[in-house]
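# Observations on the model geometry
What follows is the residue order along each chain.
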Amino acid sequence: MTNTRLPALLILSSTFLAAGANGISMVAFPWLVLQRTGSAVDASIVAGAATLPLLFATLIAGTAVDFIGRRLVAMLSDALSAIAVAAIPLLAIAFGTDVLNTIVLAGLAALGAFFDPAGMTARQSMLPEAAERAGWTRDHTNSVYEAVFNLAYITGPGIGGLLIATLGGVNTMWVTCALFGLAILTMGLLRLEGTGRPAREKLPESVVSGVLEGLKFVWRSRVLRTLGLIDLAVTGLYLPMESVLFPKYFTDRNEPAQLGWVLMALSIGGLIGALSWTVLSKISSKRRTVLTAVLTFGIAVAVIAFLPPLPVILSFAAVVGLVYGPIGPIYNSVMQNRTPEHLRGRVVGVMTSMTYAAGPIGFTLAGPLVDTFGLKVTFLVLAVPILMIGLLCPWIPALRELDDEPEAQAAHA
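Residues numbered from 1 in each chain as written. Predicted model: local features only at pLDDT ≥ 70, side-chain atom pairs only at ≥ 80, totals over all residues. Heavy atoms only, no water.

## Quick notes on the packing of aromatic side chains
The description of an aromatic ring pair uses the distance of the two centres, along with the angle that the planes make with each other. Inspection of the entire model under this criterion finds six aromatic pairs. For the pair Tyr249 and Phe250, a centre-to-centre distance of 4.9 Å together with 75 degrees between the ring planes defines the contact as edge-to-face. Take Tyr249 and Phe250: they sit in the same class, and that class is buried. When the ring of Phe297 is compared with that of Tyr324, the centres are 4.8 Å apart and the planes differ by 40 degrees; the resulting orientation is tilted. Residue Phe297 is located in helix H10 (residues 286-304), and its partner Tyr324 is located in helix H11 (residues 310-324); the two are separated by 27 residues in the primary sequence. (Phe/Tyr/Trp six-rings, centres within 6.5 Å; stacked < 30°, edge-to-face > 60°. Buried < 20%, exposed > 50% of the residue type's maximum accessible area, 1.4 Å probe, protein only. Helix = DSSP H or I, 4+ residues; strand = E, 2+ residues; numbered from the N terminus.)

## Points about helix H4 (residues 102-134)
Helix length check: H4, at 33 residues, gives a terminal C-alpha distance of 46 Å against a target of 48 Å (1.5 Å per residue), a fit within 8%. Bending of H4 peaks at approximately 40 degrees at the position of Leu127, with proline Pro128 no more than four residues after it. Within H4, 27 of the 33 residues are buried, which leaves it mostly tucked inside the rest of the structure. Of the residues that open H4, the one with a side-chain oxygen 3.1 Å from the backbone nitrogen of Ile103 is Asn101. (Expected span 1.5 Å × (residues − 1). Bend = angle between axes of the 7 residues up to and from the residue. Polar contact = N/O pair within 3.5 Å; in protein donor to acceptor, adjacent residues only side chain to side chain.)

## Considerations on helix H12 (residues 327-338)
Between its terminal C-alpha atoms H12 stretches 17 Å, which fits the 16 Å expected from twelve residues at 1.5 Å a residue. With twelve of its twelve residues buried, H12 lies for the most part within the structure. Where H12 is concerned, the buried positions are Ile327, Gly328, Pro329, Ile330, Tyr331, Asn332, Ser333, Val334, Met335, Gln336, Asn337 and Arg338.

## Details of empty space enclosed by the protein
Using the criterion set out here, one finds three cavities of 30 Å³ or more in the structure. Here the second largest cavity is characterised by a volume of approximately 60 Å³. Broken down by secondary-structure element, the contributors of at least two residues to the lining of the second largest cavity are H12 and helix H13 (344-356). Classifying every residue of the lining of the second largest cavity gives three nonpolar, four polar and one charged. (1 Å grid on protein atoms, 1.4 Å probe; cavity = no way out; pocket = protein on both sides within 12 Å on 5 of 7 lines; lining within 4 Å. Points joined across faces, edges and corners; volume = space filled by probe spheres on them. Nonpolar A, V, L, I, M, F, W, Y, C, P; charged D, E, K, R; others polar.)

## Some points on the packing of helix H5 (residues 138-166) against helix H9 (residues 256-283)
Packed helices, taken two at a time, are described by the angle between their axes plus the distance between the axes. Two elements in contact, H5 and H9, have axes whose closest approach is 8 Å; the angle formed by their N-to-C orientations is 170 degrees. Comparing their axes, H9 and H5 come out roughly antiparallel. A per-class count over the contact of H5 with H9 returns 13 nonpolar, ten polar and two charged. (Axes fitted to C-alpha atoms, helices over the stretch in contact; angles between N-to-C directions. Parallel < 35°, antiparallel > 145°, perpendicular 65-115°, else oblique.)

## Here we look at the pattern of salt bridges
Enumeration over the complete set of coordinates arrives at five salt bridges. The salt bridge partner of Arg70 is Glu129, with a shortest N-O separation of 3.8 Å. One end of the pair, Arg70, is in helix H3 (residues 70-95); the other, Glu129, is in helix H4, and 59 residues separate them in sequence. Since its relative accessible area comes to 3%, Arg70 is described here as buried. Looking at Glu129, the relative accessible area reads 11%, which means it is buried. One salt bridge connects Arg222 with Glu401, and the closest N-O pair in it is separated by 2.6 Å. Pair noted here: Arg222 is in helix H8 (residues 222-252) and Glu401 is in the loop between helix H15 (375-392) and helix H16 (408-412), with a separation of 179 residues, a long-range link. Each member of the salt-bridge network shares a partner with another, and the members are Arg70, Glu129 and Arg344. (Salt bridge = Lys/Arg side-chain N within 4 Å of Asp/Glu carboxyl O.)

## Observations concerning the domain arrangement of the chain
As a measure of interface size, the accessible area lost when the parts come together is often cited. Domain annotation for the chain reports domain 1 (1-189) and domain 2 (207-404). In this complex, domain 1 contributes 48 residues to the contact, which on the side of domain 2 involves 56 residues. For the pairing of domain 1 and domain 2, the buried interface totals around 4400 Å² over both sides, and the portion due to carbon and sulfur atoms is 66%. At the junction of domain 1 and domain 2, the tally comes to one salt bridge. A salt bridge links Glu129 to Arg344; the shortest N-O distance between them is 2.9 Å. (Domains from an automatic or database assignment. Contact = heavy atoms within 4.5 Å. Buried area = accessible area lost by both parts, 1.4 Å probe.)

As structure tokens, then:
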């Protein structure tokens, strides 16, 4: 087989475009609701609506990828997400902006979010074959993939903040829709083995049995189960900061561009951190990198919780992204090395669903806490448990298995 980087580059380009569209939406959705009501509870409802479907959608998405085929699922996912965001300006044109109340925005946020995991799972599931075609190692491929993903969230929220300031929140959604369209066109050019519909004998009997098979595989693997639970807790505590607390803080100050800067700082750090794993993987163990990342992450968000001046927030946001940047490549490599090819979509789906499982709980708590006790108290309530998790991680035995990874075939034997 001739080595070529084209399939990998197409997957990376499609990832960048779709993630960039979601990065714009991350700023635009809370901004639209806060602009109309000013309520952190309403912003939490919309943010929670965008997160709650992820728990179920990622479970189904993994099985759908293994049922239908990775390339087709990626294209369908982006098409449906494009429809969801295009509905906002179309409704405004047809009925006026008053129709865009909290319930409507929450419904469209949920609809758009429901399809995103399928595209992400499909692209991640294609990476090992693309790496083989390009002659890259999996660590290198996953590092570049996560870097591209973070690069999209550098440009996406930053552009989103600027577009909101110039075009308004409603018209900003047209740009989001266009980026999803380009992601579909890019994926349509991909030709790679393993991206089509799997062989019949490898298909699960049903969607339910497929989901259960993925859940059982993850739960029986101590290291995958532990990584999933840590990610569940940390992400569930952190997501409300990014999607509710920061938008509330900067909306009250009428500074949409500065919200974009903070999200850009996170992503710049994440970009550098993800790319650094290509080098770090040769000189540092996975366990040491994970332990350092979670602890530093906890310290950084604890500092941010005191709402210091903007330069300090930006600096620590960059630190958060930097130390957590290698985590995505590490998680991906662990999953790929321990999972048989025909189960890959389901396992990625289960692990991703665990990431988002606690998000709705965090959003449910964040809004009332902000309106009752203020932003600083709410930041601390969310930040302190992350710091405690970082302090406990060195004592978790399963994390010692991170650097003892069997090949997927051996793990399935």
